[in-house]
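Fold and contact review
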Amino acid sequence: YGDMVNAIYPTDYKFLQQANVGFKIAGNLWFDAGFFRSPVSVEDFSNRTNYSSTYTYTRYFEPVLMSGAKLGWEAKNIRFTAFFADRTFAIGNTTNTLPSIGANLKIYGGKYWLFGANGMYSRVANVTGTAPRTYANAYLATNRKHVDVLAYANYANMQNKTMLSGVLNIRYKISPKLSLF
């Protein structure tokens with residue numbers, strides 16, 4: 001509830017953020033299909049899962065929600081996912097009915113470190129036909145007892161316009177329910 005849901009999520013889906021089914025193909029290989037939150041950013045519009053607590057302008061190039069399928073592989077310290085979206089839903093009730101493809105990679109460095117990289121390519125409809133849209137980001141995060149640090153860089157290109165952004169976010173945890181950014 002609140003104005004963020006009304007501003008960000010598509011009207012028809014503002015109460016639905018995930019609905020999917022999945023199964024194990026073999027070993028550490030999984031297949032999921034359904035309706036997903038975007039897998040290509042550390043900036044999430046859902047406040048409870050937004051690790052960065054900010055939204056960069058570049059984030060507006062990637063979808064908030066998508067429907068499609070994901071193929072994921074996990075090992076002890078690595079997680080890789082490739083996805084195909086038959087439709088994506090972005091800010092301002094914008095629906096892209098053209099397919100998108102992408103991938104994300106997470107590498108866990110022991111107990112405290114995480115490195116990730118995400119990318120997505122799609123075509124979007126516009127008044128003159130369609131145009132390519134590319135979004136990518138990389139991030140490094142550490143989570144300690146009293147301090148969390150997240151650094152990331154975003155790249156987006158759409159209709160010959162390039163956007164770059166970067167964020168360094170430091171959170172000091174005073175208690176489990178109180179933090180300073």
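Residues numbered from 1 in each chain as written. Predicted model: local features only at pLDDT ≥ 70, side-chain atom pairs only at ≥ 80, totals over all residues. Heavy atoms only, no water.

1. Digging into the overall build of the protein chain
Put simply, the test is: Strands here are runs of E lasting at least two residues and helices are runs of H or I lasting at least four, both read from the DSSP assignment and numbered beginning at the N terminus. Note on definitions: a residue-residue contact is assigned when non-hydrogen atoms from the two residues lie within 4.5 Å.
Counting secondary structure elements, the protein chain contains one helix and 11 strands. Secondary structure elements in the protein chain, listed N-terminal to C-terminal, are α-β-β-β-β-β-β-β-β-β-β-β. When contacts within the protein chain are restricted to residue pairs at least 6 apart in sequence, those whose partners lie at least 24 apart make up 47%.

2. Quick word on the pattern of salt bridges
As a reminder, the rule being used: Salt bridge, as used here: a side-chain nitrogen of Lys or Arg that lies within 4 Å of a carboxyl oxygen of Asp or Glu. Only protein chains enter the accessibility calculation, which uses a 1.4 Å probe; a residue is then buried when its area is under 20% of its type maximum, exposed when over 50%, and partly exposed in between.
Applying the stated rule across the entire model yields three salt bridges. Its salt-bridge partner being K173, residue D148 comes within 3.0 Å of it at the nearest N-O pair. Here D148, found in strand 9 (residues 147-158), pairs with K173, found in strand 10 (residues 161-175); they are 25 residues apart in sequence, far enough to count as distant. Take D148: its relative accessible area is 3%, and that puts it in the buried class. Overall, the relative accessible area of 18% leaves K173 in the buried class. A cluster of three or more residues bridged by salt bridges with shared partners is formed by D148, R171 and K173.

3. Notes on the pairing of strand 10
For clarity, the threshold we go by: Two strands are counted as paired when DSSP detects at least two bridges linking them.
Both strand 9 and strand 10 contribute to a ladder of 12 bridges, which runs antiparallel. Each residue of the ladder has a partner; that of A156, found in strand 10, is M163. By the bridge criterion, three bridges tie strand 10 to strand 11 (residues 178-180) in an arrangement that is antiparallel. When the sheet's bridge partners are listed, Y172 is paired in strand 11 with L180. Where strand 10 hands over to strand 11, the hairpin turn is made up of two residues, counted between the paired strands.

4. Observations regarding the nonpolar core
We count it as follows: Put simply, a nonpolar core is a bunch of buried Ala, Val, Leu, Ile, Met, Phe, Trp, Tyr and Cys residues held in one set by side-chain atoms that sit within 4.5 Å of each other.
In terms of nonpolar packing, the biggest core is built from eight residues, these being F36, V40, M66, F83, A85, M120, Y135 and A156. Within the second largest apolar cluster, six residues are counted, among which are Y139, A141, Y152 and V167.

5. Overview of the confidence of the model for the protein chain
Condition: pLDDT is a residue-level measure of predictor confidence that goes from 0 to 100.
When the pLDDT values of the protein chain are averaged, the result is 80; 78% of them are 70 or greater. When the elements of the protein chain are averaged for pLDDT, helix 1 (residues 3-8) gives the smallest value, 60, and strand 1 (residues 19-26) the largest, 93.

6. Re the environment of L180
Its location among the elements puts L180 in strand 11. Measuring from C-alpha to C-alpha, the distance between L180 and V147 comes to 9.6 Å, with 33 residues separating the pair along the chain. Beyond its immediate sequence surroundings of up to four residues, L180 is in contact with I170, R171, Y172 and I174.

7. Some thoughts on the packing of aromatic side chains
To be explicit about the condition: Stacked, tilted and edge-to-face are the three classes assigned to paired rings of Phe, Tyr and Trp, where Trp is represented by its six-membered ring and a pair needs centres within 6.5 Å; plane angles under 30 degrees give stacked, over 60 edge-to-face, the rest tilted. Put simply, a charge is over a ring when the Lys NZ or the Arg CZ is close to the ring centre, within 6 Å, and near the line of the ring normal, within 35 degrees.
In total, this model carries one aromatic pair according to the counting rule given. Here the aromatic rings of F23 and F31 are separated by 5.6 Å at their centres, their planes lie at 50°, and the arrangement is tilted. Its relative accessible area of 48% is what places F23 among the partly exposed residues. A cation over an aromatic ring shows up here: R144 above the ring of Y112, its NZ or CZ 4.3 Å from the ring centre.

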